[in-house]
Amino acid sequence: MATIWLSIVLIFVYFILFFFIAWIKKNNSIVDIGWGPGFVIVALFSLFYSGSFNFRTILVTTLVAIWGLRLFYHIIKRNRGKPEDFRYANWRKEWGKWLNLRAFFQIFILQGLFMVVISAPILIVNVFSEDGFKPYDFIGLSIWIVGILFESIGDAQLAAFKKNSKNKGHIIKTGLWKFTRHPNYFGEATIWWGLFIISLSVKYGYIAIISPLTITLLLLFVSGIPLLEEKYKDNKEFKEYARITSKFFPLPRKK
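Quick summary incoming for the structure in this document. (Residues numbered from 1 in each chain as written. Predicted model: local features only at pLDDT ≥ 70, side-chain atom pairs only at ≥ 80, totals over all residues. Heavy atoms only, no water.)

Moving on to the environment of Ile139. Mapped onto the fold, Ile139 is located in helix α7 (residues 135–163). As for Ile139 and Lys254, which are separated by 115 residues in sequence, their C-alpha atoms are 31 Å apart. (Helix = DSSP H or I, 4+ residues; strand = E, 2+ residues; numbered from the N terminus.)

Structure follows, in C-alpha cells:
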C-alpha cells in the first residue's frame, strides 16, 4: 500500500510543479502537456518501487508509456507557437484577481485528483499483480489497441485536414470523423476501459472500474466534448454534421 500512497503524493507534487511553470509562463494550458507524461511517471514509479516485475505489470506500464508519450508529442506539436488554449484564456478573463488561486485548485489540483482516480488500474496491477496470463489480459489488450488506433488515427486525420488551407473554416467529416464526431475522445475512453479489463486479472481489480467511468463521463459531459462543441454551437456546417454523425460511439451516419 505504501506504493499507492507515495504515488498519490508524487502526482500532487508533479502538478504543483506544473502550476508554478504555468504561472511563470502565464499559460495555464501547459497542464495539458503534463497529462500524458504524468501517468507514465506514475506507472514507472509504482512498477519500480513495488518491485513487482511480471508479464502483467510490464504490459500495463508499457501500454501507459506508449499512450502517454504519444499524447505528449501530439500536444507539444499541436500547441507549438500558439497562445494559451481558448478554454484557459476564457477562464483567465473570468477569474480576474483570483486567477492564480482558482487556477491552482480548479485546474492543477483538480487534474491531480482526476489523475489519482484514473490511475487506479495502473496502481492496482503494479502493486497486486502476480505471475501468469489470464483471458482478461488478452481481452483488455485488444480493447486498448482499438482505443489507441482511434485516438492516434483520429488525431492524425484532423492534423492533416487542418494543414490543408482549403479546409480553413470547415469541419472535418472524413475518415474516422465520418462515424463519430470525436474519434480521439472515443479512443481515449476505450484505452482506459482496456486497462481496466486487464486489471480484472488482479486482486481488487474490480475497484479500478472507477477509472474508465470517470474518464468517459468527463469526456462526455464535462471537460471534453461539451467545451469543444460549445465553440461550434453557432456553426451551420457543424450543426448539420452533428445531426447525422454520432456524438461519441462510432456508428453509420444518419440519413
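With that settled, the discussion passes to the packing of α7 against helix α8 (residues 183–199). Running from N to C, α7 and α8 point in directions that differ by 165°, and their axes come no closer than 7 Å. Overall, the two elements α7 and α8 adopt an arrangement that is roughly antiparallel. Crossing of α7 against α8: the hand is left-handed. Class assignment for the residues of the contact of α7 with α8 results in 15 nonpolar, seven polar and four charged. (Axes fitted to C-alpha atoms, helices over the stretch in contact; angles between N-to-C directions. Parallel < 35°, antiparallel > 145°, perpendicular 65-115°, else oblique. Left-handed = near helix turned anticlockwise from the far one by under 90°. Nonpolar A, V, L, I, M, F, W, Y, C, P; charged D, E, K, R; others polar.)

This part is about unusual backbone geometry. In this model, Lys26 sits at a positive phi of 55°, which is unusual for a non-glycine residue. If you trace the backbone, Lys26 turns up in the loop between α1 (2–25) and α2 (30–50). Phi at Tyr204 is positive, roughly 70°, even though this residue is not glycine. Since its relative accessible area comes to 34%, Tyr204 is described here as partly exposed. (Buried < 20%, exposed > 50% of the residue type's maximum accessible area, 1.4 Å probe, protein only.)

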